[in-house]
Amino acid sequence: MVVMQAFFDASENDGFLAVAGYLFRKKHIKEFERRWRAMLRKHGLDHFHMTDCNAGADQFKDMSKDERIECQTMAVSLICEFATVGVMNSVSISDFQAVMDGRGYMSNPFSLCAHGALMMCKSWADENDPIARIAYIFDAGDAFMGDANNILTSIAEDTTRRSFFHYETHAFVPMRSSIPTQAADILAWHECKQHGRTARGESRLRTDFAVLLDGVKTMRYIHTRSDIESVIDIAKKHVPFENASKLAGLSMRMNKGNSNQVVREIREILTPQLMAHLIKLAKG
């Protein structure tokens, strides 16, 4: 069995939210962390945070621009050497709010992009390592972590979905104590930054971002407004009632820990017409 570890972080900038990160082969993690710690010690850092490095803030406030560039360059080089594949999943927050808010399928942009990142890892494993099992690890500081945990726990408790996502386990770990998550932070920051650059007519990638994308094969998906609308349309096609997408979202997040609450919410939206339709679907 091939064991992979997928580390993710979220970033928000210029009206976009991104969940991005890297898949590492477990056998490469120890050496990657050793080399990363050496980089941190050289620059007197406790951990690497891309926002602070770029702005010269917090731990980076006493470093010159050249020193910060050197530190970032070393970090990017290590990612290119050890990461197996990158994943970027993003959405315009205003598009999400205009289409998805109140519809219930995904309750926030973070959960939409986190689920999208899981789908990208599943697709990569299907094509490259069909027997791989993946440990999914997210930054514990991300907003809406609880909602993402409900989705992951729901996957963990379902044998079919575990297999579908090549799921081994999942965890939420603070970025300060997770070096591969610090690498994910860099990719997520760049993805959001690029959206802002594109909106301003600057299509050219930042040099360090281009190096990352050249050094590690990276999958990218942007949830457009039409994509989000199509999710609602698909739900309504199968269950042609107003609460179809909310029902689908509740079923996706339901697990043993929140089952009583979810059942209560389902009962609130189950009209006799909707219940009759679901029974008809179940009977084929």
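Here, the structure is the one placed above.
As a starting point, this report considers the structure included with it. Here the residue index of a chain counts from 1 through its sequence in written order. pLDDT decides what is reported in this predicted model: residues at 70 or higher carry local features, side-chain atom pairs at 80 or more are listed and counted, and totals for whole chains, interfaces and linings draw on all residues regardless. For side-chain calculations, the full set of non-hydrogen atoms in the structure is used, while hydrogens and water are omitted.

**Quick look at the overall build of the chain**
Here comes step 1: What the chain contains, in helices and strands, is 13 helices and six strands.
Here comes step 2: For every residue, the accessible area (1.4 Å probe, protein chains only) is compared with the maximum for its type, and the residue is labelled buried under 20%, exposed over 50%, or partly exposed between those bounds. Taking all 284 residues of the chain together, 49% fall into the buried category.
Here comes step 3: A contact between two residues is defined here by any heavy atoms of the two lying within 4.5 Å. Long-range pairs, those at least 24 residues apart, make up 73% of the contacts in the chain between residues at least 6 apart in sequence.
Here comes step 4: Accessibility throughout is a Shrake-Rupley quantity obtained with a 1.4 Å probe, and a residue counts as covered only by protein chains that appear here. When the accessible surface of the chain is totalled, it reaches about 13700 Å², and 51% of it is carbon and sulfur. Counting from the N terminus, the helices are DSSP H or I runs at least four residues long and the strands are E runs at least two residues long.

**Let's talk about the pattern of salt bridges**
Here comes step 1: Within this document, salt bridges are pairs made up of a side-chain nitrogen of Lys or Arg and a carboxyl oxygen of Asp or Glu, the two lying within 4 Å of each other. For the coordinates displayed, the defined rule picks out 13 salt bridges.
Here comes step 2: For K122, the salt bridge identified is with D126, shortest N-O distance 2.3 Å. You can see K122 and its partner D126 sitting in helix α5 (residues 109–128), four residues apart, about one turn around the helix.
Here comes step 3: The partner of R200 in a salt bridge is E202, with the nearest N and O atoms 3.4 Å apart.
Here comes step 4: Among the residues examined, R200 registers a relative accessible area of 48% and is labelled partly exposed.

**Some remarks on the nonpolar core**
Here comes step 1: We define a nonpolar core as any set of buried Ala, Val, Leu, Ile, Met, Phe, Trp, Tyr and Cys residues linked to one another through side-chain atoms lying within 4.5 Å. Counting 41 residues, the largest nonpolar core has F8, V19, Y136 and F138 as its most contacted members.
Here comes step 2: It is α5 that provides the largest number of residues to this core, a total of 10 residues.
Here comes step 3: Not counting chain neighbours up to four residues away, the residues in contact with Y136 comprise A6, F8, L118, C121, K122, L152, F165, Y167, T169, H170 and A171.

**As for unusual backbone geometry**
Here comes step 1: Of note, D14 is a non-glycine position whose phi angle comes to about 50°, a positive value.
Here comes step 2: Tracing the backbone through its elements, the reader meets D14 in the loop between β1 (3–13) and β2 (16–25).
Here comes step 3: Residue D14 is classed as partly exposed on the basis of its relative accessible area, which comes to 42%.
Here comes step 4: Here H166, not a glycine, exhibits a phi torsion of approximately 55°, which is positive.
Here comes step 5: Turning to its location among the elements, H166 is positioned in the loop between α7 (159–164) and β5 (167–173).

**Remarks on the sheet that holds β1**
Here comes step 1: Strands were regarded as paired on the criterion that DSSP finds at least two bridges between them. Reading across the sheet, the six strands line up as β5-β4-β1-β2-β3-β6 and stay open at both edges, with mixed pairing between neighbours. Only two strands of the sheet have a single neighbouring strand rather than two, namely β5 and β6 (218–223). The mean angle between the axes of side-by-side strands here comes to 15°, regardless of whether they run parallel or antiparallel.
Here comes step 2: Its contacts with the sheet put α5 on β1, β2, β3 (85–92), β4 (133–139) and β6, and the angle it makes with β3 is roughly 150°. Inter-axis angles, ranging from 0 to 180 degrees, are taken between N-to-C directions of lines fitted to C-alpha atoms, where helices are fitted over the stretch in contact.

**A short note on the pairing of β3**
Here comes step 1: Counting buried positions over the eight residues of β3 gives eight, a clear majority of the element.
Here comes step 2: As judged from the six bridges shared by β3 and β6, these two strands associate in the parallel manner. Following the sheet pairing, V91 is matched in β6 by H223.

**So, helix α6 (residues 145–156)**
Here comes step 1: Counted at 1.5 Å a residue, the expected span for α6 with its 12 residues is 16 Å, and the 16 Å between its end C-alpha atoms agrees.
Here comes step 2: Where α6 is concerned, the buried positions are D147, A148, I151, L152, T153, S154 and I155. The span you would expect from a helix comes to 1.5 Å times its residue count less one.

**A closer look at the environment of A83**
Here comes step 1: Positionally, A83 belongs in the loop between α3 (65–82) and β3.
Here comes step 2: Residues in contact with A83, not counting those within four places in the same chain, are Y22, L23, F24 and V216.

**Looking at the side chain of D139**
Here comes step 1: Along the chain, D139 falls in strand β4.
Here comes step 2: Charge assignment in this entry is limited to Lys and Arg as positive and Asp and Glu as negative, and neither His nor the chain termini are counted. At 9.1 Å, R176 is the nearest oppositely charged side chain to D139, a buried residue that forms no salt bridge.
Here comes step 3: At 3.1 Å, the side chain of D139 and the backbone nitrogen of M175 are in polar contact.
Here comes step 4: For D139, the contacting residues outside a window of four places in its chain are F8, D9, M145, F172, V173, P174, M175 and T181. Any N or O atom pair separated by 3.5 Å or less is treated as a polar contact, with the protein-specific requirement of one donor-capable and one acceptor-capable atom, and with residues adjacent in sequence counted only for side-chain atom pairs.

**Some details on the side chain of H195**
Here comes step 1: Relative to the helices and strands, H195 resides in helix α8 (residues 179–199).
Here comes step 2: Owing to a relative accessible area of 8%, H195 belongs among the buried residues under this scheme.

**Quick word on the packing of aromatic side chains**
Here comes step 1: Side-chain rings of Phe, Tyr and Trp, where Trp is taken by its six-membered ring, are said to pair if the distance between their centres is within 6.5 Å; with planes under 30 degrees apart they count as stacked, over 60 as edge-to-face, and otherwise as tilted. Going through the model one piece at a time under the given rule, you end up with 12 aromatic pairs.
Here comes step 2: Summarising the aromatic geometry, the rings of F24 and F32 are spaced 4.9 Å apart at their centres and angled 35° between planes, so their arrangement reads as tilted.
Here comes step 3: What makes F32 buried here is its relative accessible area of 0%.
Here comes step 4: Consider the rings of F164 and F165, whose centres lie 5.0 Å apart with planes at 80°: the pair is edge-to-face.

**Some details on α5**
Here comes step 1: Here α5 is 20 residues long and its end C-alpha atoms lie 29 Å apart, about the 28 Å a rise of 1.5 Å per residue gives.
Here comes step 2: In terms of burial, α5 is largely enclosed, as 15 of its 20 residues are buried.

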